[in-house]
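Take a look at the letters that make up each chain.
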Amino acid sequence: MTEAKKLVAVITGASRGIGKGFALALGQRGATVYVVGRTTVSGSQVSAGGVPVPGSIHEAAAEVTAAGGRGIAVACDLANDDDIRALFERVKKESGHVNILVNNAASLHEEMGKRPFWEAPVKLADIINVGLRCHHVATYYAAPLLITSGRGLVVNISFYSNAKIHDPAYYAAKAGLDQLASSYSEDFTPFNVTAISLWPGFVKTERAEMILGEGAGDHPALRLGMESPQYCGRVISAMWDDPDMMKLTGKTLIAAELGERYGVSDLPGHNPKSLREVYGSPHAQFDLD
């Protein structure tokens, strides 16, 4: 059996957007990909203004299979610890191990950018639950399966900490993900499991296109170009092929810089730019350099 056929990944928040992009990138190399999320029917989630957003775990899993992998859709409420535990019990029963865990799910709200924050709905604080806590719980249950694999990777999807365009709770959750990756690395290192936090740029997801519309070019960071949903997945796929991957454990990495390191271009041939100069750097303790 080839390495690609043995590769098992779990991607949370994979119905659409960047999560689906990770799933497709790993599917293209023949991996078994557990496509995890709440959306079982396309259009049941809505964007700003109540517009239905396309995509479901079943559609994404089918695309993974069509790309050459084995897509497995798993409905899971990541606000529920028992659902998360059941997810990894299923993975253990069916696959026996996990190589790659991508912690991507988040609780999003159309008023995330409203200021001052106390005039936005208090419900925005939910992202600390589904966006931070759930990922720690997922990593907790995934840990034995990652260790069993003999070589593992945990990727927390975070964001530039100084962007200041979302609710404070959003940045509290993202800062927590950076710290979790750093803290995980100490326990995981003896077992050859790498843990990182990843900062994508602005990603041209289905939801983002609806929200931004034609005003995207007015933002200084967006003028540097948006990343496709597949870009981060291709970067992490290249990272998995790096024999020195463990040297990056505990780091908070900027996707565009990691892509440049591995020679990964976006689709079609676009090279995303780091937003370090716009939004600042990761904490020195966590940074690539």
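For the structure, check the block above.
This one's a predicted model, so the numbers in the text were calculated from it and none came from an experiment. (Residues numbered from 1 in each chain as written. Predicted model: local features only at pLDDT ≥ 70, side-chain atom pairs only at ≥ 80, totals over all residues. Heavy atoms only, no water.)

Some thoughts on the overall build of the chain
Stated formally: For helices the rule is a DSSP run of H or I covering at least 4 residues; for strands it is a run of E covering at least 2, with both sets numbered from the N terminus onward. Burial here depends on accessible area, computed with a 1.4 Å probe over protein chains only, as a share of the maximum for the residue type. Under 20% is buried, over 50% is exposed, and the range in between is partly exposed.
Counting its secondary structure elements, the chain contains 10 helices and nine strands. By residue count, 52% of the 289 residues in the chain fall in the buried class.

A few points about the packing of aromatic side chains
Our working definition: Only centres within 6.5 Å qualify two rings of Phe, Tyr or Trp (six-membered ring in Trp) as a pair; their planes then separate them into stacked at under 30 degrees, edge-to-face at over 60, and tilted for everything else. Note on criteria: charge over ring means Lys NZ or Arg CZ within 6 Å of the ring centre, with the direction from the centre no more than 35 degrees off the ring normal.
Under the counting rule described, the total for this entry stands at nine aromatic pairs. Geometrically, the ring pair formed by Phe159 and Tyr170 is edge-to-face, given 6.4 Å between the ring centres and 70 degrees between the ring planes. Here the residue Phe159 occupies a position in the loop between strand E7 (152–157) and helix H6 (168–188), and Tyr170 occupies one in helix H6, the gap between them amounting to 11 residues. Considered together, Phe159 and Tyr170 belong to a single accessibility category, that of buried residues. Pairing Phe159 with Phe202 gives two aromatic rings, centres 5.6 Å apart and planes at 70 degrees, and the pair type is edge-to-face. Of this pair, Phe159 sits in the loop between E7 and H6 while Phe202 sits in the loop between strand E8 (193–199) and helix H7 (206–212), placing them 43 residues apart in sequence. Judged on exposure class, the residue Phe159 and its partner Phe202 are both buried. What links up through ring pairs into an aromatic cluster is the set Phe159, Tyr160, Tyr170, Tyr171, Trp199, Phe202 and Tyr279. Its end group placed over the ring of Trp240, Arg151 keeps NZ or CZ at 4.3 Å from the ring centre.

Topic: the sheet that holds strand E2 (residues 32–37)
Here is the rule we go by: Paired strands, as defined in this entry, are two strands with at least two bridges between them according to DSSP. Whenever a helix is involved, its axis is fitted only over the stretch in contact; in every case the axis is a line through C-alpha atoms, and angles between N-to-C directions fall within 0 to 180 degrees. For this analysis, residues touch if any pair of their heavy atoms sits within 4.5 Å.
The seven strands are arranged E5-E2-E1-E6-E7-E8-E9 in an open sheet whose pairing can be described as parallel. A strand with exactly one partner marks an edge of an open sheet, and here the two such strands are strand E5 (70–75) and strand E9 (252–254). Each strand of the sheet is rotated relative to its neighbour by a mean of 20 degrees, with strand direction disregarded. The pairing of strand E1 (residues 8–12) with E2 spans five bridges and is classified as parallel. When the sheet's bridge partners are listed, Thr12 is paired in E2 with Val36. Packed on one face of the sheet, helix H9 (residues 255–262) meets E8 and E9 and runs near 75 degrees to E9.

Describing unusual backbone geometry
Of note in this structure, Asn192 is not a glycine but carries a positive phi near 65 degrees. With respect to the secondary-structure elements, Asn192 resides in the loop between H6 and E8.

Re the pairing of strand E6 (residues 100–103)
Residues Ile100 and Val102 point to one face of E6 and Leu101 and Asn103 to the other, with burial holding for every one of them. Both E1 and E6 contribute to a ladder of three bridges, which runs parallel. Its bridge partner being in E6, Ala9 is matched across the sheet by Ile100. Pairing analysis gives four bridges linking E6 to E7, with the strands arranged parallel. Pairing of Leu101 across the sheet is with Val154, part of E7.

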